[in-house]
Amino acid sequence: MNILVIGTGYVGATTGLVFSEMGHKVTGLDLDKNKINKLEKGELHFFEPGLEEILKKHIDGENITFTTDPITAIKENEIIFICVGTPQDGDGSANLRYVKNVAETIGKYMNTYKVIVDKSTVPVGTAALVENWVKENQKNDIPFDVVSNPEFLKEGSALQDALNPDRIVIGSLNEKATNMMKSLYKDFTCPIIITSPKAAELIKYAANSFLALKISYMNELARLCDVLDININDIAKGIGLDRRIGKYFLQAGIGYGGSCFPKDVNALLKTAKDSQVELTILNAAVNTNKTQVNYLLKKIKKVLGKLKGKTIGILGLTFKPNTDDMREAPALKVISLLLDAGAKVKVHDPVVKIGIKNVIQSDDVYQTLKDTDAVILCTEWEMYKNLDWLKMKSLVDSPIIFDGRNMLNKETVEKIGFDYYGIGN
């Protein structure tokens, strides 16, 4: 099939490359010329393991091309994926201005029947809005269908998630559009769920919100474990083996962040509020997440006393490893609270650079932690697990580790001579 992907960010680029891998001809459309120029050279404008290699492969094989010309792109492709951003507004709702702009543009330039696919994460009822926006901008009455096909990608493993999905959700009310989507995904072996567009839209929000609930639940249990002198990791293993619960998203830490969970949870809460339904459990999960970094800071102050004048080293800045995404990253709040308390802050991350006043960043992790009074691990990058902690002990002023991700082996670092403090560990 000839597929157009509008928006070449994280979701759009991954979606387009996966369809290229499946043998389809893909066009990536974006109005940002800098992004398109980089993609045409085989360069990603974001960090995602494995994706740049497959980009170069399909550029060389001419399975994917990129353009800034919406007129030709819309006319020449039969299936159009909308993969633009839906940023959060001040009231927690998803801002649909980019989706609306795309729908209006499709309406202006479409020349034959099209299947228009919402891949972006959008509130319930957006498919109907897209249909209206397209119709309002059509010059002639050309038939089309709007389908909801949410993505379920995890940053850091997006390529494998897209090539080997747990399920594919197709929200469609038209048999022709449904059959075209089923044909598009015919080589995938996972279950395909056919439902209404509204149900498909809610499935995406419900999935991310449920995972956020699991994280916040474990973080609250971790606080109890600290008081009862119990290792939260033992609890996670014990309940994770229950098939009804599962082992994933049971890791306690300093809270969730990123581009999906905070935004999607807030959007679902806004939808519920607009529908005059109170989601009390989800509200509680958000509150736990907001206060989890403060819980860590209380632990740090209990051990170190006043933080004014202390030098603290931060390991990891991104909200999770194997990504360069800093959106809602807990490390940013940790840094802010430390600076407010008068501490000196030194940071390291293997991928991203930040320009925060009074924060020192070094490319050398050992240099970062030299002469520090404590180390805080905020992101579970694999390289931190493999550091020479014996060498590290000789560099720090005080051998104290606060493991905000429960990543390190407590017994190992304590044998070296560090005082170790985890979350519920």
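Refer to the structure printed above.
Caption draft 1: A look at helix H12 (residues 280–304). For H12, built from 25 residues, the straight-helix expectation of 36 Å at 1.5 Å per residue is met to within 8% by its first-to-last C-alpha distance of 36 Å. In H12, a bend of some 35° at threonine 291 exceeds every other bend along the element. Of the residues trailing H12, glycine 305 is marked for its positive phi of about 80°.

Caption draft 2: Geometry of the nonpolar core. Counting 38 residues, the largest nonpolar core has Phe81, Val115, Met181, Leu184 and Tyr185 as its most contacted members. With 6 residues, the top contributor of residues to this core is helix H1 (residues 10–21). Contacts of methionine 181, omitting those with residues within four sequence positions, involve Phe81, Val115, Val117, Val147, Asn149 and Ile170. One finds Ile232, Leu250, Ala329 and Ala343 within the second-largest nonpolar core, a separate group that totals 37 residues.

Caption draft 3: Broad picture of the sheet that holds strand E14 (residues 419–421). Pairing in this open sheet of 6 strands is parallel, and the strands run E11-E10-E9-E12-E13-E14 from one edge to the other. Pairing within the sheet leaves two strands with one partner each, and these edge strands are strand E11 (359–361) and E14. Put simply, the sheet's adjacent strands are angled 20° from each other on average, direction ignored. Strand direction decides the pairing type here: strand E12 (residues 374–377) and strand E13 (residues 400–403), joined by 3 bridges, are parallel. Bridging across to E13, isoleucine 376 finds its partner in phenylalanine 402. Contacts from H12 reach strand E9 (311–315), E12, E13 and E14, with the element oriented near 165° to E13.

Caption draft 4: Here's a closer look at the environment of leucine 44. The topology assignment puts leucine 44 in the loop between helix H2 (33–40) and helix H3 (51–60). Of the residues examined, leucine 44 reaches a relative accessible area of 8% and is grouped as buried. Ignoring any residue separated from it by four or fewer positions in sequence, one finds leucine 44 in contact with Lys38, Leu39, Leu51, Glu52 and Leu55.

Caption draft 5: Structural view of the pattern of salt bridges. A full pass over the atoms with the stated rule returns 14 salt bridges. Among the ionic pairs, lysine 154 bridges to aspartate 161, the shortest N-O distance being 3.0 Å. Residue aspartate 161 is classed as buried on the basis of its relative accessible area, which comes to 15%. Between arginine 244 and aspartate 242 there is a salt bridge, and its shortest N-O distance comes to 2.7 Å. Among the ionic contacts, a cluster of salt bridges with common partners joins Asp91, Lys270 and Asp274.

Caption draft 6: Broad picture of the environment of glycine 28. Positionally, glycine 28 belongs in strand E2 (residues 25–29). In the structure, glycine 28 is positioned 94 residues away from valine 122 in sequence and 20 Å away in space, judged by C-alpha atoms. Setting aside chain neighbours within four positions, we find glycine 28 in contact with Val5, Thr8, Ile36, Thr65, Phe66 and Thr67.

Caption draft 7: Structural detail: a nonpolar patch on the surface. A surface patch of nonpolar side chains, amounting to about 370 Å² of accessible area, comprises Leu224, Val227, Leu228 and Ile230. For leucine 228, a relative accessible area of 48% corresponds to the partly exposed category.

Caption draft 8: A look at the environment of asparagine 386. Here asparagine 386 is to be found in the loop between helix H15 (382–385) and helix H16 (389–395). For asparagine 386, a relative accessible area of 56% puts it in the exposed group. In this structure, the C-alpha to C-alpha distance between asparagine 386 and leucine 408, residues 22 residues apart in sequence, is 9.3 Å. Polar contacts involving the side chain of asparagine 386 include one to the main-chain carbonyl oxygen of glutamate 382, which spans 3.4 Å.

Procedures and definitions
Residues numbered from 1 in each chain as written. Predicted model: local features only at pLDDT ≥ 70, side-chain atom pairs only at ≥ 80, totals over all residues. Heavy atoms only, no water. Helix = DSSP H or I, 4+ residues; strand = E, 2+ residues; numbered from the N terminus. Expected span 1.5 Å × (residues − 1). Bend = angle between axes of the 7 residues up to and from the residue. Core = buried A, V, L, I, M, F, W, Y, C linked by side-chain atoms within 4.5 Å. Buried < 20%, exposed > 50% of the residue type's maximum accessible area, 1.4 Å probe, protein only. Contact = heavy atoms within 4.5 Å. Pairing = 2+ DSSP bridges. Axes fitted to C-alpha atoms, helices over the stretch in contact; angles between N-to-C directions. Salt bridge = Lys/Arg side-chain N within 4 Å of Asp/Glu carboxyl O. Patch = residues over 30% accessible without salt bridge, like charges linked within 9 Å, V, L, I, M, F, W, Y side chains within 5 Å. Areas by Shrake-Rupley, 256 points an atom, 1.4 Å probe, with all protein chains shown as cover. Polar contact = N/O pair within 3.5 Å; in protein donor to acceptor, adjacent residues only side chain to side chain.

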